[in-house]
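The chain contents come next:
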Amino acid sequence: MTSESEKYKKVLSILRQSAPKLDGVENMEENVIGRIGRIGRIHRSFSDLIESIFAWIYIGWVRRSLVTASALLVLFFVHQQTIIMKGVNNLNKRAIATEAESFPVLNDAIEKQLMMLKLTGRRISASDLEISGKQLEQILNSYNELQEKYSDLIKIIEEDPALKESIEKKLAEERNKKSNL
Amino acid sequence: MKNSKLKIIIATALAIVASCNEPKTVVTDIIHPDGSVTRRIEIKNAENKFKASDIQIPLDNTWTVRDSVEISKNGDTVWVKRAEKLFKNVEAINRDYNADSSYNKSITRKAAFSKNFRWFHTGYRFSETIDKKMSNGYPVSDFLNPEELAWFYSPYNINESKRNGPDSLKYKALSDTVKKKTDRWWAKSIVSEWIGGFTRLTAGKAGKEVSFESLKAREDEFVRRLEADDKKFDSLWENGVILKEYIGEVNALKYKAEADSSMNMVVNDVFVNFRDYTLRIVMPGQVTGTNGFIDSTNVLNWPVQSNYFLTEPYEMWAESKVPNRWAWIVSGLFLLFVVTGIIIKQKGKG
């Protein structure tokens with residue numbers, strides 16, 4: 001144990017005696033101290049920057065105003081998106097399956113115009129009336145539909161003797177009225 | 001036999017009238033974010049006749065025009081005229097409408113465009129409006145509920161496919177209801193328009209019993225008479241029977257000319273010189289609202305037909321939005337800044 005500690009002391013004294021000779025120790029010391037100082041300054045200027053950017057957090061009214069502004073911005077965004085989503089959802093009702101090259105314009109306007117023509121004693125010349133092929137088709141379809149309804153009505157009347165009797169009675173009354181006139 | 005004969009007669013008679021071929025026109029407005037509009041017109045006709053006065057939209061030599069001949073699905077030859085023009089703004093379109101010499105010149109049309117900055121996006125609105133023809137008619141919305149109104153403004157082919165689809169009974173009933181109610185709307189509007197015209201013509205001459213207010217008060221009575229006697233209304237009118245009942249014998253004799261003139265004015269309003277067409281609009285960005293129909297290509301479509309603008313203006317409108325990316329970035333950075341500040345404050349406290 002004693003010999004080991006003696007050996008250690010010997011090695012230590014040898015190492016101390018054979019220390020490397022350094023030139024410019026003072027320069028080196030200055031360099032090291034300078035570098036450590038620069039790191040400190042960079043660190044200090046960064047924290048100064050952060051502190052100046054976020055200085056508002058220590059001013060109550062500015063902090064509250066910015067937080068309110070952020071909240072309002074978020075609310076405005078949510079409100080705007082809700083309105084847009086509602087509008088877009090309503091668009092689904094306006095969707096049609098196919099590409100509409102042109103809408104075949106078939107409506108009851110022509111029918112109403114014809115009614116008007118009749119009501120007003122045909123004040124408009126027939127040449128002023130225009131009708132397309134599609135409208136012609138619609139009139140023929142309406143005619144067919146009317147025929148079908150008429151046949152159905154006749155069938156219903158035929159199948160119901162009470163109804164038939166009452167209609168015949170009405171018709172007879174009408175005929176009597178006309179003959180009296 | 002009788003029926004088929006009748007059908008042939010009707011078909012032949014109508015085919016003669018139908019032979020005045022009506023060009024099928026589709027107008028496409030492509031709206032640009034700066035408010036300029038590229039307007040494209042496609043006119044298809046069974047004949048190679050494209051007189052500007054036969055076309056539904058004003059078209060002159062300032063347009064770039066391309067003519068072609070195509071064969072339709074049915075194997076028929078179709079002459080097609082395609083025209084395109086870039087309008088600097090809607091005012092330029094309105095100038096064309098004001099100097100309209102097309103077939104539809106008797107109606108008043110105008111286009112409008114607006115652009116609104118909404119921070120996260122910019123909103124666009126484009127509309128085309130056709131002014132109403134009758135000044136005293138009733139809006140059709142007074143007679144129809146929202147579902148019936150939707151049916152009324154829907155294109156014929158869409159309604160037909162519903163009528164023949166799975167819910168045919170429901171849609172047939174709806175169609176019948178709309179027809180009944182629009183017949184009533186039509187009759188009331190005609191009577192109201194006649195009253196308006198008649199009282200204008202007799203203003204200052206006639207007594208209180210033929211004033212606008214007193215005739216309006218008896219409007220429903222007149223409408224009921226018109227509906228009840230529709231088969232013989234023309235003869236009753238010609239003989240002055242209805243007028244005598246409505247405004248009294250003395251006034252009927254005195255103001256027969258005015259009554260007839262007013263009726264002629266109503267007829268002119270109803271028989272407006274108008275050829276139907278389809279309007280299509282392509283908006284910038286994402287569409288957010290419209291009263292048109294969106295087809296599979298995301299284009300907005302409207303049928304333009306005379307009964308839509310008889311008693312109220314017909315507005316075809318569309319709204320869209322284009323996101324402002326820079327506003328999203330600025331807002332995101334601002335939120336990040338505030339949240340970071342709050343975190344720093346909380347850490348400082350800790």
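Position numbers for residues count from 1 along each chain, tracking the sequence in the order it is written. Chains carry letters and ligands carry numbers; both start at the beginning, A for chains and 1 for ligands, and go up in the order they are written. Residue-level local features of this predicted model are given only where pLDDT is at least 70; pairs of side-chain atoms are given and counted only at 80 or more, and the full residue set underlies all totals for whole chains, interfaces and linings.

Student: So what about the overall build of chain B? Which residues, and what values?
Tutor: Helical segments are the DSSP runs of H or I of at least four residues, strand segments are the runs of E of at least two, and each set is numbered from the N terminus. Scanning chain B for helices and strands turns up twelve helices and eleven strands. A radius of gyration in this sense is built from C-alpha atoms; the matching globule rule multiplies 2.2 Å by the number of residues raised to 0.38. Relative to the 2.2 N^0.38 estimate, which gives 20 Å for 350 residues, the radius of gyration of chain B is 27 Å and therefore markedly larger than a compact globule would have. Expressed along its principal axes, the backbone C-alpha trace of chain B runs to roughly 95 × 60 × 50 Å. For chain B, buried positions account for 32% of its 350 residues. Residue pairs at least 24 apart in sequence account for 70% of intrachain contacts in chain B once pairs closer than 6 positions are excluded. For every residue, the other C-beta atoms within 10 Å of its own C-beta are counted; 20 or more classify it as buried, 12 or fewer as exposed, and values in between as partly exposed. C-beta atoms are placed from the backbone. We call two residues in contact when the distance between their C-beta atoms, placed using the backbone, is within 7 Å.

Student: If you had to explain the overall build of chain A to someone new, which residues and values would you point to?
Tutor: What chain A contains, in helices and strands, is six helices and zero strands. Listed by position from the N terminus, the elements making up chain A come as α-α-α-α-α-α. Within the span of chain A, comprising 181 residues, buried residues form 10% of the whole.

Student: So what about the domain arrangement of chain B? Which residues, and what values?
Tutor: Where a domain begins and ends is set by an automatic assignment or by a domain database. Under the domain assignment, chain B is made up of domain 1 (20-133 + 273-325) and domain 2 (157-270). Distance between the C-alpha centres of domain 1 of chain B and domain 2 of chain B: 33 Å.

Student: Account for the environment of B:K132, naming residues and giving values.
Tutor: Turning to its location among the elements, B:K132 is positioned in the loop between strand 6 (121-130) and helix 3 (146-152). A sequence separation of 204 residues divides B:K132 from B:L336, and the C-alpha atoms of the two residues are 54 Å apart.

Student: So what about the sheet that holds strand 3 (residues 64-71) of chain B? Which residues, and what values?
Tutor: All names here are of chain B. Ordered in space as 3-4-2-1-7-10-9, the seven strands form an open sheet in which the pairing is mixed. Looking at which strands have only one partner, the edges of the open sheet turn out to be strand 3 and strand 9 (293-294). Where strand 3 and strand 4 (residues 77-87) come together, eight bridges link them in antiparallel fashion. Bridging from a neighbouring strand, T64 pairs with E84 of strand 4. In this scheme, strands are said to pair when DSSP sees at least two bridges between them.

Student: I'd love a proper account of the nonpolar core, names of residues and values included.
Tutor: Residue and element names in this part refer to chain B. In this description, a nonpolar core means buried residues of the types Ala, Val, Leu, Ile, Met, Phe, Trp, Tyr and Cys, linked to one another by C-beta atoms lying within 7 Å. Ranked by internal contacts, the top residues of the largest apolar core, which has 34 residues, are I31, L279, I281 and M283. Going through the elements one at a time, strand 1 (24-31), strand 2 (37-45), helix 2 (90-98), strand 6, strand 7 (277-282), strand 10 (300-304) and strand 11 (314-323) are the ones with two or more residues in this core. A per-element tally of this core places strand 7 first, with four residues. The residues contacting L279, other than those within four sequence positions of it, are V27, E128, W302, V304 and M316.

Student: A description of unusual backbone geometry should follow, citing residues and the corresponding values.
Tutor: Residue and element names in this part refer to chain B. One non-glycine residue, W119, lies in positive phi territory at about 60 degrees. Note on placement: W119 falls in the loop between strand 5 (109-117) and strand 6. With a phi angle near 70 degrees, N298 is a residue other than glycine that sits in the positive phi range. Along the polypeptide, N298 turns up in the loop between strand 9 and strand 10. Overall, the presence of 13 C-beta atoms within 10 Å leaves N298 in the partly exposed class.

Student: Run through the confidence of the model for chain A, naming residues and quoting values.
Tutor: Residues of chain A with pLDDT of at least 70 account for 73%, and the chain-wide mean is 77. Values of pLDDT, the confidence the predictor places in each residue, fall between 0 and 100. Mean pLDDT across the elements of chain A bottoms out in helix 4 (residues 109-119) of chain A (59) and peaks in helix 3 (residues 60-91) of chain A (92).

Student: Break down the pairing of strand 11 of chain B for me, with residues and values.
Tutor: Relative to strand 11 of chain B, strand 6 of chain B runs antiparallel, the two sharing ten bridges. Its bridge partner being in strand 11 of chain B, B:Y124 is matched across the sheet by B:S320.

Student: How would you explain the sheet that holds strand 6 of chain B if you had to name every residue and give the values?
Tutor: Residue and element names in this part refer to chain B. Taken in spatial order, the four strands of this open sheet run 5-6-11-8, and their pairing is antiparallel. Looking along the sheet, the strands with just one partner apiece sit at the ends: strand 5 and strand 8 (286-290). When strand polarity is set aside, the average angle formed by the axes of neighbouring strands in this sheet is 20 degrees. Both strand 5 and strand 6 contribute to a ladder of nine bridges, which runs antiparallel. By the bridge assignment for strand 6, F117 is matched with T122. To obtain an axis, a line is fitted to C-alpha atoms, over the contacting stretch when the element is a helix, and the angle between two such axes runs from 0 to 180 degrees between their N-to-C directions.

Student: Provide a residue-level description of the packing of helix 4 (residues 156-163) of chain B against helix 5 (residues 168-201) of chain B, including the pertinent values.
Tutor: Residue and element names in this part refer to chain B. Viewed as axis vectors pointing N to C, helix 4 and helix 5 meet at an angle of 130 degrees, and their least axial separation amounts to 7 Å. The orientation of helix 4 with respect to helix 5, classified from their angle, is oblique. Within the contact between the two elements, helix 4 uses N159, K162 and R163 and helix 5 uses S168, Y171, K172 and S175. In this classification, Asp, Glu, Lys and Arg are treated as charged, Ala, Val, Leu, Ile, Met, Phe, Trp, Tyr, Cys and Pro as nonpolar, and every other residue, Gly included, as polar. Classifying every residue of the contact of helix 4 with helix 5 by side-chain character gives one nonpolar, three polar and three charged. Should an angle lie under 35 degrees it is considered roughly parallel, over 145 roughly antiparallel, and from 65 to 115 roughly perpendicular; all remaining angles are considered oblique.

Student: Describe helix 11 (residues 256-270) of chain B, listing the residues and the values that go with them.
Tutor: Helix length check: helix 11 of chain B (15 residues) gives 21 Å between terminal C-alpha atoms against 21 Å at 1.5 Å per residue, within 8%. Buried residues of helix 11 of chain B: B:E258, B:A259, B:S262, B:M263, B:V266, B:V267, B:D269 and B:V270, and no others. Here the expected span of a helix is defined as 1.5 Å times the quantity of residues minus one.

Student: Lay out the packing of helix 5 of chain B against helix 7 (residues 219-228) of chain B with the relevant residues and their values.
Tutor: Residue and element names in this part refer to chain B. The contact between helix 5 and helix 7 brings their axes to 9 Å, and the two run at 125 degrees. Classified by the angle their axes make, helix 5 and helix 7 are oblique. Classified by chirality, the crossing of helix 7 by helix 5 is right-handed. Counting all contacts with helix 5, which are made through A187, K188, V191, S192 and I195, the residues of helix 7 involved are E219, F222, V223, L226 and E227. In terms of residue class, the contact of helix 5 with helix 7 is built from six nonpolar, one polar and three charged. A crossing counts as left-handed when the near helix is turned anticlockwise from the far one by less than a right angle, and as right-handed when that turn is clockwise.

Student: Help me get a handle on the confidence of the model for chain B, residues and values and all.
Tutor: All names here are of chain B. This prediction gives chain B a mean pLDDT of 86; 93% of its residues lie at or above 70. Counting contacts from residues 1-9, a segment whose pLDDT is below 50, to residues more than four positions away or on other chains yields three contacts. Note that residues 11-20 has pLDDT below 50 and, in this model, 14 contacts with residues that lie over four places away or in other chains. For this predicted complex, the interface score ipTM comes out at 0.71, while the overall pTM is 0.73.

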